[in-house]
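# Commentary on secondary and tertiary structure
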Amino acid sequence: MRAFKHPIPSDFILERLLYALSDPVRIEIVRYLAGVTEASCGELDGGRPKSSMSHHFRVLRDSGLVQTRNVGTTHMNSLRSQELNLRFPGLLDCILSQA
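Below or above, wherever it landed, is the structure these notes cover. Small disclaimer: the values here were computed from a predicted structure and weren't measured. (Residues numbered from 1 in each chain as written. Predicted model: local features only at pLDDT ≥ 70, side-chain atom pairs only at ≥ 80, totals over all residues. Heavy atoms only, no water.)

## Notes on the pairing of strand β3 (residues 74-79)
What counts is decided by this rule: When DSSP finds at least two bridges between two strands, those strands are taken to pair. Each helix is a run of DSSP H or I of at least 4 residues and each strand a run of E of at least 2, with the numbering of both proceeding from the N terminus.
Strand direction decides the pairing type here: strand β1 (residues 39-40) and β3, joined by two bridges, are antiparallel. Residue pairing in the sheet places S40 in a bridge with M76 of β3. With six bridges joining them, strand β2 (residues 66-71) and β3 adopt antiparallel strand pairing. Across the sheet, V66 pairs through a bridge with L79, a residue of β3.

Okay, here's the thing in structure tokens:
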């Protein structure tokens, strides 16, 4: 299984982060990941089609919000909280505090 590419924190772009968070499905994923260490794609799909979820995870990875790693045939996702807070202090906390 191929490894995923993730931007380094200095390459995080605010507009790309905000775009990723503008979709209700993606912000739901981010909120869920904020409460756990990591979760599989299956835990996060909410019964949605795999093709749609692949798109959402790609947008989240490309923005820098989510890190995905392979564990056998499972993709495990985690929120890049520390990196995000270093690059944009307080942004993630502000976003997650909005219900």
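Once you've had a look at it, read on.
## Details of the environment of R87
Selection rule: By definition, residues are in contact when any of their heavy atoms lie within 4.5 Å. Under the rule applied, a polar contact is a pair of N or O atoms within 3.5 Å (in protein, one hydrogen donor and one hydrogen acceptor; residues adjacent in sequence only if both atoms are side-chain atoms).
Note that R87 resides in helix α5 (residues 81-87). The residues touching R87, leaving out its near neighbours within four places in the chain, are P9, S10 and F12. Reaching out from R87, the side chain makes a polar contact with the backbone oxygen of P9 at a distance of 3.2 Å. Within the structure, R87 has its side chain in polar contact with the backbone oxygen of F12 (distance 3.1 Å).

## Re the pattern of salt bridges
The cut-off we apply is this: By definition, a salt bridge exists where a carboxyl oxygen of Asp or Glu is found within 4 Å of a side-chain nitrogen of Lys or Arg. Think of it in three bands: residues with accessible area under 20% of the maximum for their type are buried, residues over 50% are exposed, and the middle band is partly exposed, with areas taken using a 1.4 Å probe on protein chains only.
Inspection of the entire model under this criterion finds three salt bridges. In this structure, the salt-bridge partner of E38 is R69, at a minimum N-O distance of 2.7 Å. In this pair, E38 is assigned in the loop between α2 (24-34) and β1 and R69 in strand β2, connecting sequence segments 31 residues apart. What makes R69 partly exposed here is its relative accessible area of 41%. We note a salt bridge from R80 to E83, for which the minimum N-O separation is 3.7 Å. The class for R80 is buried, based on a relative accessible area of 6%.

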